[in-house]
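Listed below are the residues making up each chain.
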Amino acid sequence: MNTLTAALGTSRARRLRAALTVPVMAAAVVYAPFYFAPFQVFQLTMVFLYAVALAGLNLLVGFGGQISLGHGAFFAAGAYTAAVMLDRYDTGHLATLPVAAAGCFLLGLGFGVPALRLRGLYLALVTLSFAVFLPPLLKRLEPVTGGSMGLTVDKLQPPAWSGLAEDQWMYFVVLAVTAVALLLARNLLRSRVGRALRAVRDNESAAEVMGVRLALHKTLAFAWSAMFAGVAGCLYTWVIGFVSPDSFSFVLSITLLAGLVVGGLGSLYGPLLGAAFVMYVPSVSQDLSEAAPGVVFGLLIITVMFVAPTGLAGLPGRVLAAVAARPPRTTATPDRPPGAASDGEPESRAGSGTAPPPTPADPAVVDAEPVGAPPRTEKE
């Protein structure tokens, strides 16, 4: 009963914390574009944008147990899909989002076929090769992609009725898409597909025995991951208004994977923390050392991994566990004068002047006469 009561109390405390935290965070997020400068609003917009891409990568790596070093290529595919539609076909911005999502989903579905027979480092090399050869391919397709010069498109403009500046309107649009994407990822992980992905990650043989179709779910993991990356790439085109092959080198894929590991693999909040790391840490590294920002960036990653091996999302839990594991402090008992009562001894016995009952080893006890025995004589 005590365990059940404690569990119910913990669950009630969690719901209470969520009920108090969510409205405060929502109010802060909504108020942010009216408080910060335009460049800071742009940075926050990029954080939400990268969070969408990392949410897809988290489905594949964190919950699917597969390694991908080519996530930046799907990001580039979504960005170029939106740019080509806006530049060549003069479509609306909102029309590019579902097309980029569907196109990258199909691309990931086809690219997920190697995942059926490859794993570990072999799968990582195959995905890395996709990220390496895509930029030169984009440069070759100059009639469509603009070659090395890239494509310049119009940014998403705010409607007149909104009364918002361009950066503020873009912030709220990206925030809305990010909220929908994270909610979709959360519901997907709580569905049958999410349970199957966890089973495949933990033990493929056991999952297959339980009836999980390995080929289907591995391929779907790549497809969902690519779709989220394509949506993030489309938002990137809306925010930046320019795409070029050099913006999507294989370094982007490595940075996204590093951001996810730092944020927390297999965590629903890890993509947000990892996106903030991807956005702010390189700029901080540049400010600390203009000569070698990469060195500072690497040292910061090592430091975070040393302090929080499970990522920033798991750091609060590690701190609470460390605090709970500390032994309680023991206070030294002061010296007591003779006859003083201890903490658990009644006061009637303390200071009464009566000696404690003798122990069996006392000679007085050995020579004592039993109760009711006749008196001894001198002869005895």
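Our subject is the structure listed above.
Bear in mind that the values here come from a model prediction, so they are computed numbers and not experimental data. (Residues numbered from 1 in each chain as written. Predicted model: local features only at pLDDT ≥ 70, side-chain atom pairs only at ≥ 80, totals over all residues. Heavy atoms only, no water.)

(A) Highlighting the environment of V278. As for its position among the elements, V278 is in helix 12 (residues 270-288). Here V278 falls in the buried class, since its relative accessible area comes to 8%. Along the sequence, V278 and G263 sit 15 residues apart, while their C-alpha atoms lie 9.5 Å from each other. Setting aside anything within four residues of it in sequence, one finds V278 in contact with Y50, T255 and G259. (Helix = DSSP H or I, 4+ residues; strand = E, 2+ residues; numbered from the N terminus. Buried < 20%, exposed > 50% of the residue type's maximum accessible area, 1.4 Å probe, protein only. Contact = heavy atoms within 4.5 Å.)

(B) Representation of the pattern of salt bridges within the structure. With the rule as written, the count across this model stands at 2 salt bridges. Notably, a salt bridge pairs D87 with R88, separated by 3.5 Å at the nearest N-O pair. The partly exposed category is assigned to D87, whose relative accessible area is 32%. For R88, a relative accessible area of 41% gives the class partly exposed. (Salt bridge = Lys/Arg side-chain N within 4 Å of Asp/Glu carboxyl O.)

(C) Structural context of helix 4 (residues 93-111). Given a rise of 1.5 Å per residue, 19 residues ought to cover 27 Å, and the 27 Å separating the end C-alpha atoms of helix 4 matches this to within 8%. Those residues of helix 4 lying buried are H93, T96, L97, A100, A101, C104, G108 and F111. On an axial view of helix 4, the arc spanned by its buried residues comes to 130 degrees, and they lie on one face. Residues of helix 4 that are buried in the fold lie against helix 3 (71-88), helix 5 (121-140), helix 7 (166-189) and helix 10 (214-240). (Expected span 1.5 Å × (residues − 1). Arc of directions from axis to C-beta.)

(D) Summary view of the side chain of T237. The topology assignment puts T237 in helix 10. Classification of T237 as buried rests on a relative accessible area of 0%. There is a polar contact of 2.9 Å between the side chain of T237 and the backbone oxygen of A79. Beyond its immediate stretch of four places on either side in the chain, T237 contacts A79, A82, A83, L86, V153 and V243. (Polar contact = N/O pair within 3.5 Å; in protein donor to acceptor, adjacent residues only side chain to side chain.)

Shape is all these values report; function is a separate question.
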